[in-house]
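A closer look at the structure
The residues making up each chain are set out below.
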Amino acid sequence: MESVSRVYGGGSGMVRALDNVSITLNRRTFTAVMGPSGSGKSTFLHCAAGLDTPTSGRVWLGDKELSRLGETALTKLRRQRVGFVFQAYNLLPSLSVLDNITLPLRLAGSRPDQAWLSEVVGRVGLAGRLDHLPSQLSGGQQQRVAIARALVTRPEVVLADEPTGALDSRTGRQVLELLRDLVDSMGQTVLMVTHDPVSASYAHQVVFLADGRLAGSLESPTPKTVAERMTRLGEW
Ligand code: ADP
C-alpha cells in the first residue's frame, strides 16, 4: 500500500478511516493487524483486498495495481487471487463440504486441480468429511472448510477477519496453528485482523493502527509484548 487514505462522508461528518498508510507485506509472511475499535482495521483489510477503493494512494497485489482495474477485473482478482476467511464461516448450508470448498472454482468456471485439492483437504484435516453438510460439523471444522475454500484457487494472499472470533480458545488455537502452518510450510501469505494478543502472537509480525494511521509494528510477537503495546495505543 502506498500512501493509502480512505475518507468516508464529507463536511462535518467526514471520517478519515485510513490516513496516508504505506506498508509492504512480503510474500510468505503472516501479518496480524491490530488496533482499537474504529482504528481502521476493516478498512485496511478491505482496501488491501480490492473490496473498497482508497480515496487516494495505490494498492498493489503482486504485480497488479488495484486502482487501475475496473469492477469486472477487480471481481475476477478477488475471486482468483485473494482468499477470504471471516468470523462467520459463510458456508452454504445445502452444499457438501467438498462443494463448499470448490465453489470459488465453479464460480470462476474452472475445474479443480485434483492434486492441489487433495493437498488442501488433507492439510485442513477434512479428508473424511467431504460428503458432510456444514451443519454436521463443529465450529472449528466449519472454519477449516472456509480456510480450504480460501486456498482452493491458490490465492496470492489469504485475508482473515477475526477468524477465531466464534471459536472456543482451544479450537481457535488449532485454526491459528493451521494458518501459521500454511505460511511456514506452503508459502502462503496471510493477513489477519484480530483484537486478541494471543491470536496475534501466531503471526510473524503485528502491525498496529490507531486513528487510521500506522502506529508501529512488532516482529516475532508474544502475547505479552502485544498486550504491552496495546496499552499504549489508547482505549480498546
Ligand atoms: P475497525 O475495523 O478498526 O473497527 P473501521 O475500518 O471499521 O475500523 O472504521 C474506521 C473508521 O471509519 C470508523 O470511524 C468508522 O466509523 C468509519 N467507517 C467505516 N466504514 C464506514 C462507512 N461505510 N461509512 C462511514 N464511515 C465509515
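The shown structure was predicted, so the numbers you read here are calculated from the model rather than taken from an experiment. (Residues numbered from 1 in each chain as written. Predicted model: local features only at pLDDT ≥ 70, side-chain atom pairs only at ≥ 80, totals over all residues. Heavy atoms only, no water.)

1. Structural notes on the overall build of the chain
Quick reminder of the rule: To qualify as a helix, a DSSP run of H or I must reach at least 4 residues; to qualify as a strand, a run of E must reach at least 2; elements of each kind are numbered from the N terminus. We compute the radius of gyration over the C-alpha atoms and compare it with the globule rule, which gives 2.2 Å times the number of residues raised to the power 0.38. Per-residue accessibility, obtained with a 1.4 Å probe over protein chains only, is compared with the maximum for each type, and a residue is labelled buried under 20%, exposed over 50%, and partly exposed between these values. The contact rule is simple, with two residues in contact once any of their heavy atoms fall within 4.5 Å.
Assigned secondary structure in the chain consists of eight helices and eleven strands. For a compact globule of 236 residues, the expected C-alpha radius of gyration is about 18 Å, and the chain comes in at 18 Å, within 12% of that figure. Residue burial in the chain is summarised as follows: out of 236 residues, 50% are buried. Considering only contacts within the chain whose residues lie at least 6 apart along the sequence, 66% involve residues at least 24 apart.

2. Brief notes about the nonpolar core
Condition: For this analysis, a nonpolar core means a set of buried residues of the types Ala, Val, Leu, Ile, Met, Phe, Trp, Tyr and Cys, connected via side-chain atoms within 4.5 Å.
Grouped together as the largest cluster of nonpolar side chains are 44 residues, with contacts concentrated most on Phe-30, Ile-101, Ile-147, Val-206, Phe-208 and Val-226. Residues in contact with Ile-147, not counting those within four places in the same chain, are Val-85, Val-124, Val-175, Leu-178, Leu-179 and Leu-182. Counting 24 residues, the second-largest nonpolar core is a separate cluster that includes Phe-44, Val-82, Leu-159 and Val-193.

3. Section: the sheet that holds strand E4 (residues 56-58)
The line we're drawing: Two strands pair under a simple rule: DSSP has to find at least two bridges between them. Comment: axis = line fitted to C-alpha atoms, over the contacting stretch for helices; angle = value between 0 and 180 degrees taken between N-to-C directions.
Ordered in space as E2-E1-E4, the three strands form an open sheet in which the pairing is antiparallel. The two strands at the open ends of the sheet, each matched to only one other strand, are strand E2 (15-21) and E4. Each strand axis lies, on average, 20° off the axis of its neighbour in the sheet, ignoring direction. Strand contacts of helix H1 (residues 41-49): strand E1 (2-8) and E2, with the helix running at about 60° to E2, the strand carrying the most contacts.

4. Observations concerning the packing of helix H3 (residues 97-107) against helix H5 (residues 139-151)
Convention followed: Throughout, a crossing is termed right-handed when the near helix is turned clockwise from the far one, and left-handed when it is turned anticlockwise from it by less than a right angle.
Contact geometry for H3 and H5: axes closest at 7 Å, N-to-C directions at 35°. H5 is crossed by H3, and the crossing has right-handed handedness. On H5, the residues touching Val-97, Asn-100, Ile-101 and Pro-104 of H3 are Val-145, Ala-148 and Arg-149.

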